[in-house]
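Chain and residue survey
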Amino acid sequence: MLFGRSSEPAVPATPAAPSFEDQLPTLREFLREYNRIAEVCFNDCINDFTGRTTTGSENSCVNICLEKFLKVTQRISQRFQEQQMLTNENQVVAGKAKGLFQ
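Anyway, here's the lowdown on the structure attached to this text. (Residues numbered from 1 in each chain as written. Predicted model: local features only at pLDDT ≥ 70, side-chain atom pairs only at ≥ 80, totals over all residues. Heavy atoms only, no water.)

Quick word on the nonpolar core
Ile-37, Cys-41, Cys-45, Cys-65 and Phe-69 form the largest nonpolar core, which has five residues in total. Taken together, the elements giving at least two residues each to this core come down to α1 (20-45) and α2 (56-97). No other element matches the three residues that α1 contributes to this core. (Core = buried A, V, L, I, M, F, W, Y, C linked by side-chain atoms within 4.5 Å. Buried < 20%, exposed > 50% of the residue type's maximum accessible area, 1.4 Å probe, protein only. Helix = DSSP H or I, 4+ residues; strand = E, 2+ residues; numbered from the N terminus.)

Given below as structure tokens:
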């Protein structure tokens with residue numbers, strides 16, 4: 001303590017951000033999914049290789065393909081969360097029946 005002041009910071013330290021090595025598996029999974037959906041939509045929608053640009057119908061097809069993928073992914077995530085919540089609730093009920101929880 002110097003002249004009535006503390007040497008400690010007034011603001012609590014923020015937790016350290018995850019390192020790149022910690023985030024690498026998540027990044028790999030994201031890139032894997034990105035590449036997979038790009039390949040699926042490309043193979044399903046792009047079929048005219050005579051020009052440098054995509055046609056309007058190809059653009060529309062890709063947009064619909066991506067939108068469907070995102071909606072399905074969101075719905076699967078919601079259902080997974082619901083199932084996890086039910087599983088957790090069932091474990092709590094079973095734990096209470098065994099006297100593990102008050």
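Considerations on the state of the cysteines
Simply put, the disulfide is a covalent bond whose two ends are the sulfur atoms of two cysteines. One pass over the structure, following the stated rule, counts two disulfides. Here Cys-41 pairs with Cys-65 through a disulfide, and the sulfurs are 2.0 Å apart. Between Cys-41 and Cys-65 the disulfide shows an S-S torsion of about -85°. By sign, it is left-handed. With Cys-41 in helix α1 and Cys-65 in helix α2, this pair connects stretches of sequence that are 24 residues apart. Residues Cys-41 and Cys-65 agree in their burial class; the two are buried. The partner cysteine of Cys-45 in its disulfide is Cys-61, sulfur to sulfur 2.0 Å. As the torsion about the S-S bond is roughly -65°, the Cys-45-Cys-61 disulfide counts as left-handed. Residue Cys-45 is located in helix α1, and its partner Cys-61 is located in helix α2; the two are separated by 16 residues in the primary sequence. The class of Cys-45 is buried, set by a relative accessible area of 4%. (Disulfide = S-S within 2.5 Å.)

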